[in-house]
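Remarks on the overall topology
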Amino acid sequence: MYKDAIVTFSVNEVIEHLTGLIQQAIQETGLYQDVIELEKPREATHGDYASNIALKLAKALRKPPRELAERILQAMPASSWVAKTEVAGAGFINFYLHAQIWPQLVPVILQQKQEYGKNSSGKEQSILVEFVSANPTGPLHVGHGRGAAYGASLANILDANGYRVWREYYVNDAGRQMDILALSTWLRYLECCGERIDFPPNAYQGTYVREMAEAIYAQHARQYWHDPANFMPVSLSAHTDADAHLDALIGSAKELLAVDYVYFHQFALNEQLADCRQDLAEFGVQFDQWFSEQTLFDSGLVQRTLNMLDEQGHLYSQDGAIWFRSTHFGDEKDRVVQRENGLFTYFASDIAYHLYKLERGFDRLIDVWGADHHGYIPRVKGALKAIGCDAERLTVALVQFAVLYRNGQKAAMSTRSGEFVTLRELRAEVGNDAARFFYVLRKSDQHLDFDLDLAKSQSNDNPVYYIQYAHARICSVLDQWGGDTALLLNAEAGLLSSEHEINLLKTLADYPQTVSAAARELAPHLVAYALKEVAAAFHACYNAEQFLLEDALLREARLAMILATRTVLANGLTLLGISCPTYL
RNA sequence: GCGCUCGUAGCUCAGUUGGAUAGAGUAUCGGUUUCCGAAGCCGAGGGUCACAGGUUCGAUUCCUGUCGAGCGCACCA
């Protein structure tokens, strides 16, 4: 019986117990309040938990809150968990718990191990998290890195909350940007052939394009050569529209190369996708599926989606294009789905993509987008509504771009110009762990100032080491002890009673609530902050108490406590995709 | 011009159904190791929560306005 009590002990239980006490007291006094709130006071001097119930009731009853609080307290049944109650401040009821309830948590954590902190609130609902989804037209940069770190951590957190999570990367392999990349590669290839090319300024400038061209030239020599005079008769002049010029070049390339154009297109796509995949894998970011935009066209789904919209009367023609009447669904203007030249817009395939996500049976969709796409939300949700889907099932999580600072100045970031810091460079400089942690330490919708010089020169000051150091310290102590950690499950945790010990145990007790809050708010940064709290409580305890004592009972109790601490640190770091080193 | 997101300590940021004396890191200053890892711990100073109104027992939090910042307003993705 005692054993059962141990196994189920949690903060949830404590909170339910306390709200139950309040509930009983309220009924006893003949009052009524449907929702009973319990909060953790900021100040330790305000108890372990506090209720504002009297303040809430005061308004309706037109009585002084302190007087109501006193009445409620009088009627409250006694509890073996509660050491003291008091009325404080404007009319708060503060609860002070017996410190001895917290050590009960230690064997719970030691038993649950990597399961500690998880819950089943997701009820096996399936949820698709789409993130990164950068165009495969060049290396990932540090802005993509933030979306990757956020999305991957979020997916892990949702998984820990009992959702069935599907991680997906949407590959934009069908659009104009890919054509520009294919063209860029071919032009660089012609340079390899010895031609002098007037390389368009709005084509991809990065050195990786040259590298692809060189690889193709090394393998196929002049097989794809064509005389530039045949397709670049006039260079770009002031009165020419740059985009039109680029499109004309793409058209010429397709005409001259014919099927060989597909080779360049595919080569560039495969190359960049492979690079991207490897980069993310090294960053600890894995996907269940890389979803090709092209397949939406090949399967006819885009056309079918537009037909659905058309049948409902949501499409119309104007100026030679076909428009979706998104203004009927909350958007500020109507949007083109098929251009005058017959090509579908990105929006058209995106509607099809979102429809298909729902058709695949996912209960919920989360899109992780760069915050610069926020204006895009109303039209996607509007389109879902228009084809009869529940747009509420889609949540768009916006991630602000990381703003880079180099030499105290904002660093330019443009894929086209090739002036950007890649994710790979960042990882090499500060390490995967520091990068992952730094990315999710901020609320995702906040701008992130990423000082490269600071990150590079003082990577040891990164807060991730504070947490990893706590983990390593524990490993070190347990290692010096040398005993069998499995035996610590039977330790007399009840011997833990010092202020530092209790404080540490409370941070461990809070961890499951953090995991569920992080899922509810789609906020991995909550986990990062909670881990800092755990580490801080541990470091303080470490400096105040000795672990490797002569007294076997107390020694094992404390070792059990730090083993539990290590478990929580490891569980949290794992959610954030950060390693748990045994030494630093 | 319109829309979205923001404005918290010198700096970078937490603070979530509105709660008590607004917190942490960093930087600055002062302590701390014959002892399990000092990448640690303990302490000090540092604030008109951009500004002005409003809602109420109570506002950093909700509403309105002003100022300031970023982003968006394509037959690009």
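These remarks concern the structure in this document. Since this is a predicted model, take the numbers as computed values, not measurements.

What follows concerns the nonpolar core. In this structure, Trp 102, Tyr 169, Trp 186, Leu 280 and Tyr 439 are the most contacted members of the largest nonpolar core, which totals 158 residues. Ranked by the residues each element gives to this core, the list is headed by helix α21 (residues 552-575), at eleven residues. Discounting chain neighbours no more than four positions away, the residues touching Tyr 439 are Val 142, Gly 145, Arg 146, Ala 149, Phe 283, Leu 423, Leu 426, Leu 448 and Phe 450. By size, the runner-up hydrophobic cluster in this structure holds 33 residues, among which are Val 337, Trp 369, Leu 394 and Val 396.

Turning next to the protein's contact with RNA strand B. Surveying the vicinity of RNA strand B reveals 60 residues, the closest of which are Arg 339, Tyr 466, Arg 473, Tyr 542 and Glu 545. Of everything in RNA strand B that lies within 4 Å of the protein, sugar and phosphate atoms constitute 60%. At a separation of 2.4 Å, a phosphate oxygen of RNA strand B approaches a polar side-chain atom of Arg 473. Within the side chain of Glu 521, a nitrogen or oxygen atom sits 3.1 Å from a base nitrogen of RNA strand B. Among the elements of the structure, α3 (53-61), β3 (92-97), β8 (321-324), α18 (464-481) and α20 (525-544) are those that each provide at least two residues to the surface near RNA strand B. Among the elements that take part in the surface near RNA strand B, α18 stands out by supplying seven residues, more than any other.

Before going further, it helps to examine helix α9 (residues 242-257). Taking 1.5 Å per residue, 16 residues should reach 22 Å; α9 reaches 22 Å between its end C-alpha atoms and fits that length. Taken as a whole, α9 has its buried residues at His 245, Leu 246, Leu 249, Ile 250, Ala 253 and Leu 257. Projected down its long axis, α9 shows its buried positions confined to an angular sector of 140°, all on one face. Structurally, α9 contributes buried residues whose contacts are with α7 (176-192) and α10 (259-282). Backbone geometry just after α9 places Ala 258 at a positive phi near 50°.

Relative to the helices and strands, His 525 resides in helix α20. Residue classification places His 525 among the buried positions, given a relative accessible area of 14%. Through-space distance from the C-alpha of His 525 to that of Tyr 150 is 8.8 Å; in sequence the pair is 375 residues apart.

Calculation rules
- Residues numbered from 1 in each chain as written.
- Chains lettered and ligands numbered in written order.
- Predicted model: local features only at pLDDT ≥ 70, side-chain atom pairs only at ≥ 80, totals over all residues.
- Heavy atoms only, no water.
- Core = buried A, V, L, I, M, F, W, Y, C linked by side-chain atoms within 4.5 Å.
- Buried < 20%, exposed > 50% of the residue type's maximum accessible area, 1.4 Å probe, protein only.
- Helix = DSSP H or I, 4+ residues; strand = E, 2+ residues; numbered from the N terminus.
- Contact = heavy atoms within 4.5 Å.
- Near = heavy atom within 4 Å.
- Polar contact = N/O pair within 3.5 Å; in protein donor to acceptor, adjacent residues only side chain to side chain.
- Expected span 1.5 Å × (residues − 1).
- Arc of directions from axis to C-beta.

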